[in-house]
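What follows is the residue order along each chain.
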Amino acid sequence: MRLKQFCLKYTTPAALIAAFVLLAIAVLRAPAITLADIPFVCANRADSALVKNVARCAEPYARFWSPQWRYGVSRDSVKAVVYTALWQLDSSYGPAGNPRALLLKALLWHYLYQLEVDSAAQKADNLAARVMRTTPTLPEAAWLKGVNLVRAGHVCNGFKILDSLRASQRLRRPDFLMDYAKLSALCFLPARCAALDTFVISMPSPRKSPTVYLRDDELQPSGQTWTVSAENSPNGGPPFFTFSSEYLLYGQITLAFPLLSRSPALGLNVAIAEPFVREIRQPLVWDFDGQKYPMEIRIAVKCGKPETSLDQYLGSLVNNKYDVVTDAGELRHLNAASLRCYAQSIFRNISGRFDEFVVFDRRFKEPASCFYRGNTGIRTGDDFPVRYCIALSTRTAVSEKAGDIFKDFLTQFE
């Protein structure tokens, strides 16, 4: 509960009454807006054949810039399919066309932008805006415009449109929420957190010299969530994102000296490889705590100029809530403020709490994997401050294991 409270604490009071969406996301392939999302796009047989050809030969390679190109797919051949489809639409409907044909053209130009065609983003933006003006009953036009703006580096306006759709509930499809989640991850999370083809919050890195023994299943998240809360302000403040990964960690191994086992102070909680312990003979005995303890890592991202200093913000999170608070010393090269916090339990059979907070400010930078930096026809990308709060919450019984995973997780921000 404490960790959930900190994620909302940095928002203004108005934000707390804003619409709140929680979407549990497994490791899925991000659908993105596709041809199938345009209503009644196959109004006639010719359009149906056109759409099927683009969906088969171009769409899988143009939705996101991804490793498909490593497998011998020719980018020029994909472009040719899209250009042919645009020519066929112009031949069938002319420059004016009907709203759905214009929206289809906009999506095809958006795909060409993903294929690094200069000014394609501007053409997609103009067509989507035209449909928004003439046919406001087609929210898919705003969806495409928002996605196109974000991918072109116009992040603030793009997310403003997407969040307006979310708050109004004009689009309730999982595809739309997945687009929103995927784009926010691509913009604000490190590359290892936001692989292009999957929505993944945390991926373990190769463990060269682990300080504690961790099972494979302990390294893999058991669940992930994406949360967005937009400020309910007249100016439509930027959305506030949180990304969360949940883990299950086994209790550590307890070693004791049998002749002195009556003294509980002589028990040692250590995290070493279980197979190694099994080989130990008397006079040492071991007892493995098979209980699993939940652990959560959460990233809160707040766009815009911070209202408080790092120390003030961090102090508001931990003030009078813990028994022991120490300096964690994490991410010093980012001028981060970090604290390691312990709350003792008054019950002998219940482990105390262990939380860690790392807070830092940085300028938004366009991820190279997310944006094509050619001539988009849209003004240059946004440059604005972003505050990150990265938090860990678990029990002291697994504090060493949790701390090892968290330390590895923080290296992604270097």
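If you're wondering where the values come from, they're calculated on a predicted model, not measured in any experiment. (Residues numbered from 1 in each chain as written. Predicted model: local features only at pLDDT ≥ 70, side-chain atom pairs only at ≥ 80, totals over all residues. Heavy atoms only, no water.)

Digging into the environment of Y322
So the rule is basically this: Put simply, DSSP marks the helices as runs of H or I at least four residues long and the strands as runs of E at least two long, and each gets a number from the N terminus on. Think of a polar contact as two N or O atoms within 3.5 Å of one another; within protein, one of them needs to be a possible hydrogen donor and the other a possible acceptor, and neighboring residues in sequence only count if both atoms come from side chains.
Relative to the elements of secondary structure, Y322 occurs in the loop between helix 13 (310-318) and strand 8 (324-327). Expressed as a C-alpha distance, the spacing of Y322 and D355, which sit 33 residues apart in the sequence, is 9.3 Å. A distance of 2.6 Å separates polar atoms of two side chains, one belonging to Y322 and the other to D355.

A word on the packing of aromatic side chains
Put simply, the rule is: For Phe, Tyr and Trp, where Trp contributes only its six-membered ring, two rings pair if their centres lie within 6.5 Å, and the inter-plane angle classes them as stacked under 30 degrees, edge-to-face over 60, or tilted in between. Note on exposure labels: buried denotes an accessible area under 20% of the residue type's maximum, exposed denotes more than 50%, and partly exposed covers the range between, all computed with a 1.4 Å probe on protein chains only. Charge-over-ring placement is defined geometrically: NZ (Lys) or CZ (Arg) within 6 Å of the ring centre, and within 35 degrees of the ring normal.
Enumeration over the complete set of coordinates arrives at 18 aromatic pairs. Between the aromatic rings of F360 and F413, the centroid separation amounts to 5.9 Å while the plane-to-plane angle is 70°, which identifies the pairing as edge-to-face. Of this pair, F360 sits in strand 10 (residues 353-363) while F413 is found in the segment after helix 14 (399-410), placing the two residues 53 residues apart along the sequence. For F360, a relative accessible area of 0% translates into the label buried. The buried category is assigned to F413, whose relative accessible area is 2%. If you follow K123 out to its NZ or CZ, it ends over the ring of W109, 5.3 Å from the centre.

So, helix 7 (residues 120-134)
So the rule is basically this: Given the number of residues in a helix, its expected span is that number minus one, multiplied by 1.5 Å. Working rule for contacts: check all heavy atoms of both residues, and any pair within 4.5 Å makes them a contact.
For helix 7, which comprises 15 residues, the first-to-last C-alpha distance of 21 Å matches the rise-based estimate of 21 Å (1.5 Å per residue) to within 8%. On its buried side, helix 7 packs onto helix 6 (99-114) and helix 8 (139-151).

Some words on the nonpolar core
Formally: Among buried residues, the Ala, Val, Leu, Ile, Met, Phe, Trp, Tyr and Cys ones that are joined through side-chain atoms within 4.5 Å form a nonpolar core.
Counting 89 residues, the largest nonpolar core has L108, F159 and F188 as its most contacted members. A total of 10 residues in this core trace back to one element, the largest contributor, which is helix 6. Dropping the residues within four chain positions of it, F188 is found in contact with V155, F159, F241, V301, C303, F364, F384, V386 and Y388. Listed in part, the 16 residues of the second largest apolar core include L317, Y322, L339 and C389.

Some thoughts on a nonpolar patch on the surface
In plain terms, the rule: Residues form patches when they are more than 30% accessible in relative terms and have no salt bridge. Like charges link within 9 Å. Nonpolar side chains (Val, Leu, Ile, Met, Phe, Trp, Tyr) link within 5 Å. Using the Shrake-Rupley algorithm and a 1.4 Å probe, accessible areas are obtained, with residue cover drawn only from the displayed protein chains. Every case where a carboxyl oxygen of Asp or Glu lies within 4 Å of a side-chain nitrogen of Lys or Arg is listed as a salt bridge.
The grouping of I346, F347 and I350 at the surface amounts to a nonpolar patch, some 350 Å² of accessible area in total. Locating I346 in the fold gives a position in the loop between strand 9 (337-343) and strand 10.

Quick notes on the confidence of the model for the chain
This is how it is decided: As a per-residue measure, pLDDT tells how confident the predictor is, with possible values from 0 to 100.
Here the chain shows a mean pLDDT of 76. Residues at 70 or above account for 69%. Of the regions scoring below 50 in pLDDT, residues 195-201 engages in 38 contacts with residues more than four places distant in sequence or in other chains. Segment residues 256-272: pLDDT under 50, and 29 contacts once partners within four positions in sequence are set aside and those in other chains are kept.

Details of the side chain of S351
Of note, S351 is situated in the loop between strand 9 and strand 10. Classification of S351 as buried rests on a relative accessible area of 16%. Only 2.7 Å separates the side chain of S351 from the side chain of T396, close enough to count as a polar contact. At 2.9 Å, the side chain of S351 and the backbone nitrogen of A397 are in polar contact. Dropping the residues within four chain positions of it, S351 is found in contact with Y293, S345, R395, T396 and A397.

Things to note about the pairing of strand 7 (residues 292-303)
As a reminder, the rule being used: Being paired, for any two strands, means DSSP has found at least two bridges between them.
Here strand 7 lies mainly inside the structure; 10 of its 12 residues are buried. Of the pairings in the sheet, the one linking strand 3 (residues 239-250) to strand 7 comprises 11 bridges and is antiparallel in character. In the strand pairing of strand 7, L249 is matched with Y293. With eight bridges connecting them, strand 7 and strand 11 (residues 385-395) associate as antiparallel partners. Within the sheet, the bridge partner assigned to I299 lies in strand 11 and is I390.

Re the pattern of salt bridges
Summed over the entire model, instances satisfying the criterion amount to 14 salt bridges. Note that K105 is salt-bridged to D90, the shortest N-O span being 2.5 Å. Remark: D90 occurs in helix 5 (residues 75-93) and K105 occurs in helix 6; sequence separation between them is 15 residues. One salt bridge in this structure joins R166 and D163, with 2.7 Å as the shortest N-O distance. Taken together, the residues span about one helical turn, with R166 and D163 both in helix 9 (residues 155-168) at a distance of three residues. According to the relative accessible area criterion, R166 is buried, its value standing at 5%. Classification of D163 as buried rests on a relative accessible area of 9%.

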